[in-house]
Amino acid sequence: MTSDTPGPEEPRPRDPEPASPDPGAVTAPYTPSGGFASTTPGAAPPPPAEPTAPPAPTGGGLPPGVGWAPTVPVVQEVAPGLTFSSTSARFVAWIVDLIFLGIVFVIIATLLEAAGIRTTPTAPLGPPGTPGYWNAFSRADPLGSLLTVALSAVYFIGSWTGGRRGTPGQRLLSIQVGNAFDGRPLTMDQAIRRWLGLGEVITLLGVLPALAGLGGLLLFVWSILLLITTATSPTKQGLHDRLANSAVVRPISAGNGWVIACLIIVLALVLIPLLAIIALIFLGGQVSTILSTVGESV
């Protein structure tokens, strides 16, 4: 009986090799992704790469591929609910304070003149455009200058001391003045230094005839300098604040409606007299001719 099983002397046929679509895939060494293949025989395969966290979204949580995002304003809080007051709000408060001081000055000057004491020069103005007209703005006014400086000192220093943290104009816009940066009320020394930093003392130059006109120009330039240094300071501290180590804050919830309305009123009050002065300068005597002609026609 014969067996179909091949004997040991018969070699076993080789299994057919599977066809490879890429001949190079058979001979090419294995290269792990992201690195080089090991050349050491029998070396252990590299450990699997640890999973990495997905990249953080950029652009404020925008979808991938979007690089622009709207700018979100950051409010720097000095204390809970308080931030440094804006320059525009402080400017409006200062204008309101000047209006209050002007009303008080007119009342006191009227009472003094009723008692026979004049606070302004009595020399008549020259015609518009003549040297005598401009001399009226450079004449010495000793009593008026002293009264202006005294009222300013009492008004501002008294409003910043004794636990009070603002002038009437500042309180109208919810502005507070305090020590930088713990918020304590200003001491008398700080209030005096801050008032001196406002430059009101320059008005005393009006006592001297030779310096009366220069005093008004210097006060205007100093006021512009205070405005610029306040606006450009990160903490909104002008030169007067740095001199007194003071800071000015305002509630974050305070709106700007009052500020915008007051700015419009201030601009109107400034532009109307300015246009009138320019008209007087360029028209001169023609104004009286026009008015007389209108009167005759009526």
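So, a few notes on the structure that sits alongside this text. (Residues numbered from 1 in each chain as written. Predicted model: local features only at pLDDT ≥ 70, side-chain atom pairs only at ≥ 80, totals over all residues. Heavy atoms only, no water.)

### Quick notes on the pairing of strand β4 (residues 246–251)
For step 1, the next point in the chain: When you tally the buried positions in β4, you get 5 out of 6 residues, the bulk of the element.
For step 2, the next point in the chain: Of the strand pairs in this sheet, strand β2 (residues 82–84) and β4 are connected by 3 bridges, and their pairing is antiparallel. For threonine 83, the partnering residue across the bridge sits in β4 and is arginine 250.
For step 3, the next point in the chain: One ladder, built from 4 bridges, connects strand β3 (residues 176–179) with β4; its direction is antiparallel. Within β4, the residue paired with glycine 178 across the bridge is alanine 247. (Buried < 20%, exposed > 50% of the residue type's maximum accessible area, 1.4 Å probe, protein only. Helix = DSSP H or I, 4+ residues; strand = E, 2+ residues; numbered from the N terminus. Pairing = 2+ DSSP bridges.)

### Topic: a nonpolar patch on the surface
For step 1, the next point in the chain: Judged by side-chain polarity, Leu214, Leu217, Leu218, Phe220, Val221, Ile224, Leu227 and Ile228 come together as a nonpolar surface patch covering roughly 710 Å² of accessible area.
For step 2, the next point in the chain: Judged by its relative accessible area of 37%, leucine 218 is partly exposed. (Patch = residues over 30% accessible without salt bridge, like charges linked within 9 Å, V, L, I, M, F, W, Y side chains within 5 Å. Areas by Shrake-Rupley, 256 points an atom, 1.4 Å probe, with all protein chains shown as cover. Salt bridge = Lys/Arg side-chain N within 4 Å of Asp/Glu carboxyl O.)

### Notes on the pattern of salt bridges
For step 1, the next point in the chain: Within the structure shown, the criterion is met by 4 salt bridges.
For step 2, the next point in the chain: For aspartate 241, the salt bridge identified is with arginine 90, shortest N-O distance 2.7 Å. Of the two residues, aspartate 241 sits in helix α8 (residues 239–244) while arginine 90 sits in helix α2 (residues 87–114), which places them 151 residues apart along the sequence.
For step 3, the next point in the chain: A relative accessible area of 0% means that aspartate 241 is categorised as buried.

### A closer look at the sheet that holds β4
For step 1, the next point in the chain: Here 4 strands make up an open sheet; going across it, the order is β1-β2-β4-β3 and the pairing antiparallel. The open sheet has two edge strands, β1 (77–79) and β3, and neither has a second partner. Across the sheet, the mean angle separating the axes of adjacent strands is 50° when strand polarity is ignored. (Axes fitted to C-alpha atoms, helices over the stretch in contact; angles between N-to-C directions.)

### Remarks on helix α4 (residues 142–160)
For step 1, the next point in the chain: Taking 1.5 Å per residue, 19 residues should reach 27 Å; α4 reaches 27 Å between its end C-alpha atoms and fits that length.
For step 2, the next point in the chain: Every buried residue of α4 is listed here: Gly144, Ser145, Leu147, Val149, Leu151, Ser152, Ala153, Tyr155, Phe156, Ile157, Ser159 and Trp160.
For step 3, the next point in the chain: Elements in contact with the buried residues of α4: α2, α5 (168–172), β3 and α6 (188–198).
For step 4, the next point in the chain: Just downstream of α4, glycine 162 is the residue with a positive phi angle, here 70°. (Expected span 1.5 Å × (residues − 1). Contact = heavy atoms within 4.5 Å.)

### Describing the environment of asparagine 256
For step 1, the next point in the chain: Within the secondary structure layout, asparagine 256 lies in the loop between β4 and α9 (257–283).
For step 2, the next point in the chain: A residue is classified by how much of its surface remains accessible, and asparagine 256, at 43% relative accessible area, is partly exposed.
For step 3, the next point in the chain: As for asparagine 256 and leucine 173, which are separated by 83 residues in sequence, their C-alpha atoms are 8.8 Å apart.

### Considering the nonpolar core
For step 1, the next point in the chain: If you look at the biggest cluster of nonpolar residues, it comprises 24 residues, and the most contacted ones within it are Val92, Phe156, Trp160, Leu173, Ile175, Trp195 and Leu198.
For step 2, the next point in the chain: The set of elements that each furnish at least two residues to this core consists of α2, α4, α6 and α9.
For step 3, the next point in the chain: Ranked by residues supplied to this core, first place goes to α4 with 8 residues.
For step 4, the next point in the chain: With near-sequence residues (within four places) excluded, leucine 198 lies in contact with Phe156, Trp160, Leu219, Trp222, Leu226 and His240. (Core = buried A, V, L, I, M, F, W, Y, C linked by side-chain atoms within 4.5 Å.)

### A closer look at the layout of surface pockets
For step 1, the next point in the chain: The volume enclosed by the second largest pocket comes to roughly 180 Å³.
For step 2, the next point in the chain: Of all elements in the fold, only β1, β3 and β4 reach the threshold of two or more residues within the lining of the second largest pocket.
For step 3, the next point in the chain: With 4 residues, the single largest contributor to the lining of the second largest pocket is β3.
For step 4, the next point in the chain: In terms of residue class, the lining of the second largest pocket is built from 7 nonpolar, 4 polar and 2 charged. (1 Å grid on protein atoms, 1.4 Å probe; cavity = no way out; pocket = protein on both sides within 12 Å on 5 of 7 lines; lining within 4 Å. Points joined across faces, edges and corners; volume = space filled by probe spheres on them. Nonpolar A, V, L, I, M, F, W, Y, C, P; charged D, E, K, R; others polar.)

### Concerning the side chain of aspartate 97
For step 1, the next point in the chain: Counting through the fold element by element, aspartate 97 comes out in helix α2.
For step 2, the next point in the chain: Here aspartate 97 sits buried without a salt bridge, and the closest side chain of opposite charge, arginine 194, lies 8.3 Å off (N-O distance).
For step 3, the next point in the chain: Side chain to side chain, aspartate 97 and threonine 167 meet in a polar contact 2.6 Å long.
For step 4, the next point in the chain: Aspartate 97 has contacts with Tyr155, Phe156, Thr167, Pro168, Gly169 and Gln170, leaving out every residue within four places of it along the chain. (Lys, Arg positive; Asp, Glu negative; His and termini not counted. Polar contact = N/O pair within 3.5 Å; in protein donor to acceptor, adjacent residues only side chain to side chain.)

### Observations concerning the packing of aromatic side chains
For step 1, the next point in the chain: Counted under the stated rule, the structure contains 4 aromatic pairs.
For step 2, the next point in the chain: Here tyrosine 155 and phenylalanine 156 contribute two aromatic rings whose centre-to-centre distance is 5.2 Å and whose plane-to-plane angle is 80°, an arrangement assigned as edge-to-face.
For step 3, the next point in the chain: Among the residues examined, phenylalanine 156 registers a relative accessible area of 2% and is labelled buried.
For step 4, the next point in the chain: Taken together, the ring pairs connect Tyr155, Phe156 and Trp160 into an aromatic cluster. (Phe/Tyr/Trp six-rings, centres within 6.5 Å; stacked < 30°, edge-to-face > 60°.)

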